[in-house]
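# Overview (structure and organization)
Chain by chain, the residues:
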Amino acid sequence: MTKKEKVGLNLIYSHAGRARVYETYKRTNPEMAQKYLEFIAKNQAVQYIKWDETKKKFKS
């Protein structure tokens, strides 16, 4: 796990809603959970996150 991913996990688990979403993705779609973690790590200040079904990635 990279340093950026550790920062992302800290951000996710410091917010109840994000933690719930991340845990759900881990159970149902691990690939999506990884993309969620990477997105949070790169975009630390973003508040609202959406899944772009066409591009298969998260966006703000």
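What comes next is a walk through the structure. Worth saying up front: this structure is predicted, and the values here are computed from it rather than measured.

## Considerations on the environment of alanine 41
- Mapping alanine 41 onto the fold places it in helix α3 (residues 30–42).
- When its relative accessible area of 3% is taken as the criterion, alanine 41 is described as buried.

## Comments concerning the side chain of arginine 18
- Mapped onto the secondary structure, arginine 18 falls in helix α2 (residues 16–28).
- The buried charged residue arginine 18 lacks any salt bridge, with glutamate 23 as its nearest oppositely charged partner at 14 Å.
- Ignoring anything within four residues of it in the chain, the contact list for arginine 18 reads Leu11, Ile12, Tyr36, Ile40, Gln44, Val46, Gln47 and Ile49.

## Looking at unusual backbone geometry
- One non-glycine residue, lysine 56, lies in the positive phi region at around 55°.
- One can find lysine 56 in the loop between β1 (50–52) and β2 (57–59).

## A few points about α2
- Between its first and last C-alpha, α2 extends 18 Å over 13 residues, near the 18 Å set by a 1.5 Å rise per residue.
- Listed as buried for α2 are Arg18, Ala19, Tyr22 and Tyr25. End-on, the buried residues of α2 take up no more than an arc of 130°, which puts them together on one face. Summarising the geometry of α2, the exposed residues directed more than 90 degrees from the buried face are Ala16, Arg20, Arg27 and Thr28.
- At its buried positions, α2 is contacted by α1 (3–13), α3 and β2.

## Some remarks on the nonpolar core
- Leu9, Ile12, Tyr22, Tyr25, Met32, Ala33, Tyr36, Leu37, Phe39, Ile40, Val46 and Phe58 together form the largest nonpolar core, which totals twelve residues.
- Where this core is concerned, the elements lending two or more residues are α1, α2 and α3.
- With six residues, the single largest contributor to this core is α3.
- Once residues within four sequence positions are removed from consideration, phenylalanine 39 is found in contact with Val46, Ile49, Phe58, Lys59 and Ser60.

Quick notes on the rules
Residues numbered from 1 in each chain as written. Predicted model: local features only at pLDDT ≥ 70, side-chain atom pairs only at ≥ 80, totals over all residues. Heavy atoms only, no water. Helix = DSSP H or I, 4+ residues; strand = E, 2+ residues; numbered from the N terminus. Buried < 20%, exposed > 50% of the residue type's maximum accessible area, 1.4 Å probe, protein only. Lys, Arg positive; Asp, Glu negative; His and termini not counted. Salt bridge = Lys/Arg side-chain N within 4 Å of Asp/Glu carboxyl O. Contact = heavy atoms within 4.5 Å. Expected span 1.5 Å × (residues − 1). Arc of directions from axis to C-beta. Core = buried A, V, L, I, M, F, W, Y, C linked by side-chain atoms within 4.5 Å.

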